[in-house]
Amino acid sequence: MKQTLDWQVASIKDIKPETATVKSFTLTLPAWMRHRAGQHYDIRLTAEDGYQAQRSYSIASEPEREGEVDLTVERINDGEVSTYMHEVLLPGDRIEARGPIGGYFVWEAAMAEPLLLIAGGSGVVPLMSMIRHRAAAGARNPTCLLYSSRNFEDIIYYNELEKLRATNGGLQIFHTLTRSQPSGWKGYARRIDPEMLKEVAQPLGKSVQVFICGPTLLVEGVANALVKIGIKSDQIRTERFGPTGG
Amino acid sequence: MEETTDINRELMLDANATAGVLYEIFGVEMTASTTGCANCGNEGEVGAQPAFVQGPGIVLRCSTCENVVLRIVQTPEATYLDARGAVYLRLAR
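The model shown is predicted, which means the values in this text are computed figures rather than measured ones.

> Before we go on, may I ask you to explain the overall build of chain B in this structure?
Along chain B, the regular secondary structure elements total two helices and eight strands. In sequence order, the secondary structure elements of chain B are arranged as α-β-α-β-β-β-β-β-β-β. Taken over the C-alpha trace, chain B has a radius of gyration of 13 Å; the compact-globule value for 93 residues is 12 Å, and the two agree within 12%. Here chain B holds 93 residues, and 37% of them are scored as buried. Excluding contacts between residues fewer than 6 apart, the proportion of contacts in chain B whose partners are at least 24 apart in sequence is 49%.

> Whenever I open this one, the overall build of chain A confuses me. Can you help?
Along its length, chain A carries five helices and 11 strands. Dimensions of chain A along its principal axes, counting C-alpha atoms only, are 55 × 40 × 30 Å. Within chain A, the fraction of its 246 residues that count as buried is 43%. Within chain A, contacts between residues separated by at least 24 positions form 73% of all contacts whose residues are at least 6 apart in sequence.

> Would you take a moment to explain the nonpolar core for this structure?
In a soluble, globular protein the nonpolar side chains are often hidden away together inside. In terms of nonpolar packing, the biggest core is built from 56 residues, with L71, L116, L117, L127, V210, F211 and V222 of chain A touching the most fellow members. Counting contributing residues per domain, this core is built from domain 1 (8-101) and domain 2 (115-241) of chain A, each supplying no fewer than three. Leaving out residues up to four positions away in the same chain, L127 of chain A has contacts with L117, A119, L145, F211 and C213 of chain A. In this structure, M12, A51, I58 and I72 of chain B belong to the second largest nonpolar core, which totals 24 residues.

> What exactly am I supposed to notice about the interface of chain A and chain B here?
The accessible area lost on association of the parts is a frequent measure of interface size. Contact with chain A, which involves 26 residues of that partner, is made by 24 residues of chain B. Secondary structure elements with two or more residues in the side of chain A that touches chain B: β6 (94-101), α5 (216-228) and β11 (236-241) of chain A. The class makeup of the residues in the side of chain A that touches chain B is 10 nonpolar, eight polar and eight charged.

> I'm lost on the pairing of strand β7 (residues 115-120) of chain A in this one. Help?
The side chains of a regular strand alternate, residue by residue, between the two faces of the sheet. All names here are of chain A. The buried count for β7 comes to six of six residues, which makes it a mostly enclosed element. As defined by bridge partners, β7 adjoins strand β10 (residues 209-215) across five bridges and the pair is classed as parallel. The residue of β10 that forms the bridge with L115 is Q209. One ladder, built from six bridges, connects β7 with strand β8 (residues 143-149); its direction is parallel.

> When you look at the pairing of strand β7 (residues 79-82) of chain B in this model, what are you seeing that I'm missing?
All names here are of chain B. For strand β6 (residues 68-74) and β7, the ladder comprises four bridges, and the chain directions are antiparallel. By the bridge assignment, R71 is partnered in β7 with D82. Taking the residues between adjacent antiparallel strands as the criterion, β6 and β7 are bridged by four residues.

> Before we go on, may I ask you to explain the sheet that holds strand β1 (residues 13-14) of chain B in this structure?
Residue and element names in this part refer to chain B. In spatial order, the strands read β1-β4-β5-β6-β7; together these five strands make up an open sheet with antiparallel pairing. Since the sheet does not close on itself, it has two edges, and those belong to β1 and β7, each with one partner. Summarising the sheet, β1 and strand β4 (residues 50-52) pair through two bridges and their orientation is antiparallel. Residue L13 lies in a different strand from β4, and its bridge partner there is A51.

> Mind showing me how you'd approach the environment of T19 of chain A here?
If you trace the backbone, T19 of chain A turns up in strand β1 (residues 8-19). Between the alpha carbons of T19 of chain A and V73 of chain A there is a distance of 10 Å; along the sequence they are 54 residues apart.

> Just checking my understanding: could you explain the sheet that holds β10 of chain A for this structure?
Sheet strands pair by backbone hydrogen bonding; their relative direction is either parallel or antiparallel. All names here are of chain A. An order of β9-β8-β7-β10-β11 is seen for the five strands of this open sheet, with the pairing classed as parallel. Single-partner strands in this sheet number two, and they are β9 (171-177) and β11. Between one strand and the next, the sheet's axes are offset by a mean angle of 10 degrees, whatever the strand orientation.

> Just checking my understanding: could you explain the packing of helix α4 (residues 194-201) of chain A against α5 of chain A for this structure?
Helix-helix packing is described using two parameters, namely the angle between the two axes and the distance between the axes. All names here are of chain A. Packing of α4 against α5 brings their axes to within 10 Å, and their N-to-C directions diverge by 65 degrees. Seen from above, α4 lies across α5 with right-handed handedness. Where α4 abuts α5, its residues P194, L197 and A201 lie against V222, A225, L226 and K228. Its residues assigned to classes, the contact of α4 with α5 shows six nonpolar, no polar and one charged.

> Just checking my understanding: could you explain the confidence of the model for chain B for this structure?
Should pLDDT be low for a region, the predicted coordinates there are not to be read in detail. For chain B, per-residue confidence averages 89 on the pLDDT scale, and residues scoring 70 or more make up 92% of the total. Interface scoring of the predicted complex returns ipTM 0.75; its pTM is 0.90.

> Please clarify how α5 of chain A should be interpreted in this entry.
In an α-helix, one turn spans 3.6 residues, which is why side chains three or four residues apart end up on the same side. With 13 residues, α5 of chain A extends 18 Å from end C-alpha to end C-alpha; this agrees with the ideal 18 Å at 1.5 Å per step. Of the residues trailing α5 of chain A, G230 of chain A is marked for its positive phi of about 105 degrees.

> Looking at this structure, I do not really get the domain arrangement of chain A. What am I missing?
All names here are of chain A. Along its sequence, chain A is organised into domain 1 (8-101) and domain 2 (115-241). Taken together, the contact between domain 1 and domain 2 spans 15 residues of the former and 13 residues of the latter. Where the side of domain 1 that touches domain 2 is concerned, the elements lending two or more residues are β1 and β5 (68-74). Considering only residue class, the side of domain 1 that touches domain 2 consists of six nonpolar, five polar and four charged.

The rules behind the values
- Residues numbered from 1 in each chain as written.
- Chains lettered and ligands numbered in written order.
- Predicted model: local features only at pLDDT ≥ 70, side-chain atom pairs only at ≥ 80, totals over all residues.
- Helix = DSSP H or I, 4+ residues; strand = E, 2+ residues; numbered from the N terminus.
- Rg over C-alpha atoms; globule rule 2.2 N^0.38 Å.
- Buried ≥ 20, exposed ≤ 12 C-beta atoms within 10 Å, placed from the backbone.
- Contact = placed C-beta atoms within 7 Å.
- Core = buried A, V, L, I, M, F, W, Y, C linked by C-beta atoms within 7 Å.
- Domains from an automatic or database assignment.
- Nonpolar A, V, L, I, M, F, W, Y, C, P; charged D, E, K, R; others polar.
- Pairing = 2+ DSSP bridges.
- Axes fitted to C-alpha atoms, helices over the stretch in contact; angles between N-to-C directions.
- Left-handed = near helix turned anticlockwise from the far one by under 90°.
- pLDDT = per-residue confidence, 0-100.
- Expected span 1.5 Å × (residues − 1).

What follows is the structure, encoded as structure tokens:
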């Protein structure tokens, strides 16, 4: 399937803070193309002297929304692009974007198998696109999100996830908080481990499709543990992000 | 999960992260395309290959044997592609 993938000038329609270090940017795209949940956009900044910096950011929104996409971006200290987006960009500003891109880490509502989504930190972003797509398309496949954050305040999309859990049949959400937990916390309170994976994966059965996104070490550990509990590696798709980037 | 201090593993991404650059070079979406490793013969999707992007160029390795499959260096004037680690690359049309 051929498509053109040229740089285009997107307008910032809206900026929404999600946590202390994470914001969602709504981009209006003159050459919008329907994306597949899990894909990303490249964002490019050009300085006056011609120096360019470019990063990939996952799409957070569902493909059903036409003409625009949400990119949820974590501010990385000293990150050239994310710092600019967080501290300089305002609604109405324009920015160079190229996408949607990526055909490997994608899920479509037509895939009927049970779905296990595992996120660490801002790795939840492409998985959120899948969850929003599932809701918009009215898919009913059993779906489970296991989401690891450091503290309660670091959870991205908490309220929306709660709402989706209440209104979407077959959607389960498990949080784990690895650093601190608010009083009365009923979720997990440790790093993702094989026992936790067994608890969330086994009810989904043998044909489960798994998507894991997060820091490299989390992704590696989770993928290896899932293979050990009997999930075939060709049912697992991973997207790692390193400690730098930004 | 067990922690490792191996810096190379920490910096490792998936080739999915290089989708934009691969598109620029080949003119088609490449991450869902298959490739074959010239060292071990493993065939798999490009997007599943470990990618190292922190150096001056991009290195994609085989997900099975870690052989270097593709090396890409971009300068302002040209793109250099070393694909001797791949038996083939599938380009969708």
